[in-house]
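Observations on the three-dimensional arrangement
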Amino acid sequence: MFELNPSGLNWQRGVAMLDVGLVPLFVFWAIGHEQYLLSVLFGLLFAGLTDPGGGFGYRASHIAVFGLIGAGLTALGFALGAEAWGWMTLAAFAVTLGAGLAVAFGVRRFVAALLLNVWFIVALAMAFGLHHSARVTSHTWAQVLAWTGGAALWIAVAFLVWLVRGRRDLPQPVAELPGDTSRRKLTRPVIMFAVIRAVVVAGTVALAFGLDLSHGSWMSFAAMVAMKPSLGQAALIGAQRLAGAAIGAGIAVLFLLVPAGEHGEQQFAVERGLEVVALILFMHAMAIRFLNYTLYCAAIAAGVLILLDLPQPSDYSAEGYRVLWTLCGVGIGLLTMLFTGLLAKRTAKGPPQPA
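Residues numbered from 1 in each chain as written. Predicted model: local features only at pLDDT ≥ 70, side-chain atom pairs only at ≥ 80, totals over all residues. Heavy atoms only, no water.

1. A few points about the overall build of the chain
The criterion, for reference: Numbering goes from the N terminus for both helices and strands, where a helix is a DSSP run of H or I of at least four residues and a strand is a run of E of at least two. Throughout this description, buried means an accessible area under 20% of the type-specific maximum (1.4 Å probe, protein chains only), exposed means over 50%, and partly exposed covers the range between. The contact criterion used is simple: two residues touch if any of their non-hydrogen atoms lie within 4.5 Å. Using a 1.4 Å probe, the Shrake-Rupley method yields the accessible areas, and only the shown protein chains count as cover for residues.
Counting its regular elements, the chain contains 12 helices and 0 strands. Secondary structure elements of the chain occur, N-terminal to C-terminal, as α-α-α-α-α-α-α-α-α-α-α-α. Counting across all 355 residues of the chain, residues that qualify as buried make up 49%. For the chain, the proportion of contacts with a sequence separation of at least 24, taken over those separated by at least 6, is 79%. Accessible surface, the chain: about 16700 Å² in total, of which carbon and sulfur atoms supply 70%.

2. Some details on the nonpolar core
Quick reminder of the rule: Residues enter a nonpolar core if they are buried and are Ala, Val, Leu, Ile, Met, Phe, Trp, Tyr or Cys, with the set joined through side-chain atoms within 4.5 Å.
By size, the foremost hydrophobic cluster in this structure holds 75 residues, and its most contacted members are Phe42, Phe46, Leu49, Trp119, Ile121 and Trp147. With 13 residues, helix 5 (residues 107-131) is the single largest residue contributor to this core. Core analysis: the next-biggest nonpolar cluster, separate from the first, contains 6 residues, Ala285, Tyr293, Cys297 and Ala299 among them.

3. Thoughts on a nonpolar patch on the surface
As a reminder, the rule being used: Think of a patch as exposed residues, more than 30% relative accessible area, with no salt bridge, where like charges cluster within 9 Å and nonpolar side chains (Val, Leu, Ile, Met, Phe, Trp, Tyr) cluster within 5 Å. Whenever a carboxyl oxygen of Asp or Glu lies within 4 Å of a side-chain nitrogen of Lys or Arg, that contact is scored as a salt bridge.
A contiguous nonpolar surface patch, about 430 Å² in accessible area, is contributed by Met1, Phe2, Leu4, Ile247 and Leu295. Among the structural elements, Leu4 can be located in the segment before helix 1 (11-31).

4. Some points on the packing of helix 4 (residues 85-101) against helix 7 (residues 188-210)
Helix-helix packing: each pair is described by the crossing angle between the helix axes and the interaxial distance. The condition that has to hold: Axis lines are fitted through C-alpha atoms, for helices just across the contact stretch, and the angle between N-to-C directions can take any value from 0 to 180 degrees. Angle categories are assigned with fixed cut-offs, so that under 35 degrees is roughly parallel, over 145 is roughly antiparallel, 65 to 115 is roughly perpendicular, and the rest are oblique. Crossing handedness is read from the near helix: turned anticlockwise from the far helix by less than a right angle, it gives a left-handed crossing, and turned clockwise, a right-handed one. Put simply, Ala, Val, Leu, Ile, Met, Phe, Trp, Tyr, Cys and Pro go in the nonpolar bin, Asp, Glu, Lys and Arg in the charged bin, and everything else, Gly too, in the polar bin.
Between helix 4 and helix 7, whose axes approach to 8 Å, the crossing angle comes to 155°. Taken together, the axis directions place helix 4 and helix 7 in an arrangement best described as roughly antiparallel. Two packed elements cross with a definite hand, and for helix 4 against helix 7 that hand is right-handed. For the pair helix 4 and helix 7, the contacting residues are Trp85, Met88, Thr89, Ala92, Phe93, Thr96, Leu97, Gly100 and Leu101 in the first and Ile191, Ala194, Val195, Arg197, Ala198, Val199, Val201, Ala202, Val205, Ala206, Phe209 and Gly210 in the second. Residue composition of the contact of helix 4 with helix 7, by class: 16 nonpolar, 4 polar and 1 charged.

5. Points about empty space enclosed by the protein
Definition in use: Of the two site types, the cavity is a set of points on a 1 Å grid over the protein atoms alone where a 1.4 Å probe fits but cannot get out, and the pocket is an open set with protein on both sides within 12 Å along at least five of seven lines, each lined by residues with an atom within 4 Å of a point. Grid points are joined across faces, edges and corners, and a volume is the space filled by probe spheres set on the points.
Within this structure, the stated rule accounts for 1 cavity of 30 Å³ or more. Here the largest cavity defines a volume of roughly 30 Å³. Every element with two or more residues in the lining of the largest cavity is listed here: helix 10 (264-288) and helix 11 (293-309). Take the lining of the largest cavity: its biggest share by element is 3 residues, from helix 10. Here the lining of the largest cavity is composed, by residue class, of 6 nonpolar, no polar and no charged.

6. Description of the packing of aromatic side chains
Threshold: To pair, rings of Phe, Tyr and Trp, with the six-membered ring standing in for Trp, must have centres within 6.5 Å; the planes then decide the type, stacked if under 30 degrees apart, edge-to-face if over 60, and tilted in the middle.
A complete count under the given rule lists 11 aromatic pairs for this structure. Note on Phe28 and Tyr36: the rings are 6.5 Å apart at their centroids and 40° apart in plane angle, and the pair reads as tilted. Residue class for Phe28 comes out buried when judged on its relative accessible area of 10%. Each ring, one from Phe66 and one from Trp147, has its centre 6.1 Å from the other, and the planes form 45°; the classification is tilted. Residue Phe66 is located in helix 3 (residues 56-80), and its partner Trp147 is located in helix 6 (residues 140-164); the two are separated by 81 residues in the primary sequence. Each member of the pair, Phe66 as well as Trp147, carries the same accessibility label: buried. Among the aromatic residues, those joined into a cluster by ring pairs are Phe42, Phe46, Phe66, Trp119 and Trp147.

7. Describing the environment of Glu176
Its location among the elements puts Glu176 in the loop between helix 6 and helix 7. For Glu176, a relative accessible area of 35% translates into the label partly exposed. Separated by 127 residues in the primary sequence, Glu176 and Leu49 have C-alpha atoms spaced 10.0 Å apart. With residues up to four places along the chain from it excluded, the contact list for Glu176 reads Arg13 and Phe290.

8. Re helix 7
Stated precisely, the cut-off is as follows: Here the expected span of a helix is defined as 1.5 Å times the quantity of residues minus one.
Between its terminal C-alpha atoms helix 7 stretches 32 Å, which fits the 33 Å expected from 23 residues at 1.5 Å a residue. Of all the residues in helix 7, the buried ones are Ala194, Arg197, Ala198, Val200, Val201, Ala202, Thr204, Val205, Ala206, Ala208 and Phe209. One or two steps after helix 7, the chain reaches Asp212, where phi turns positive at roughly 55°.

9. As for the packing of helix 3 against helix 4
Interhelical geometry of helix 3 versus helix 4 gives an angle of 160° and a closest axis separation of 10 Å. Relative to helix 4, helix 3 is oriented roughly antiparallel. Our pair here, helix 3 against helix 4, has a crossing hand that is left-handed. The segment helix 3 lies against helix 4, with Leu73, Leu76 and Leu80 engaging Trp87, Met88, Ala91 and Val95.

What follows is the structure, given as structure tokens:
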């Protein structure tokens, strides 16, 4: 789980994330609406991950399409945050199924669809949490604008880099992600895996929001990440995800203990400092993404937990609940893959079908 791949370490990518992320951070410090910061950072981060490289016009058009689709999912997620859990479940099923079937348009677009799938669950969780918080109000249109602003910021950065590099084509920023855009046929196993994955994610969403579990959305994230076509791969990814969530929760608890006894201006200063800490954690996550997945999950989990808890403080047992639901989500994903694998073997051993 902790095996390191030295060639996957990229501090240049991490520092670039920090430099660009400081822009929305200072903007929201100025206007005083930190509840929109996470939407901007996710829009910025995911736009950078899906940047295909090449000429600026080609890059800008693809990132813009990705940003617009993400804006639509942001609007849907935050609009459903105050609705009945049944609508959330139905939307989660439809979005997850669509993301799974996106492999027909190439592996690269499949990866982009998975990122949008993750963001939609995050948006649902944020909307649900903010709706149940008496301290914070969240406007759907403002969250959509924040996400779109994050994607637009990456396009602006790409334009500046393109000018500095002499207006020539550039490689994709995250070279480790697949760049294949060739169409693929939707075979029966591919469709079945997409449907099963959508059912599992929708089921965890129903449990999390239907039973109003404290931070139950982490079950959906864990199940989504843990479900891989190979059971062995699913077990490894699930274990790494669980270990990363536990480490990230521990880091977040230590940092969130700092403002517990502060008030007034001192509390304000400490909270702003913790937002910088969260941004630095995201920087490290970008740098070590392909160094070790467990450490990457820990950095992402710690940063997200800090930003989630600052506008809507919770008791520190919340981190324990997140680890618990992560364990449940990983277990659901692994059991589903095990059952699917056994069913496939039993079907394969059946009597031969006539030609």
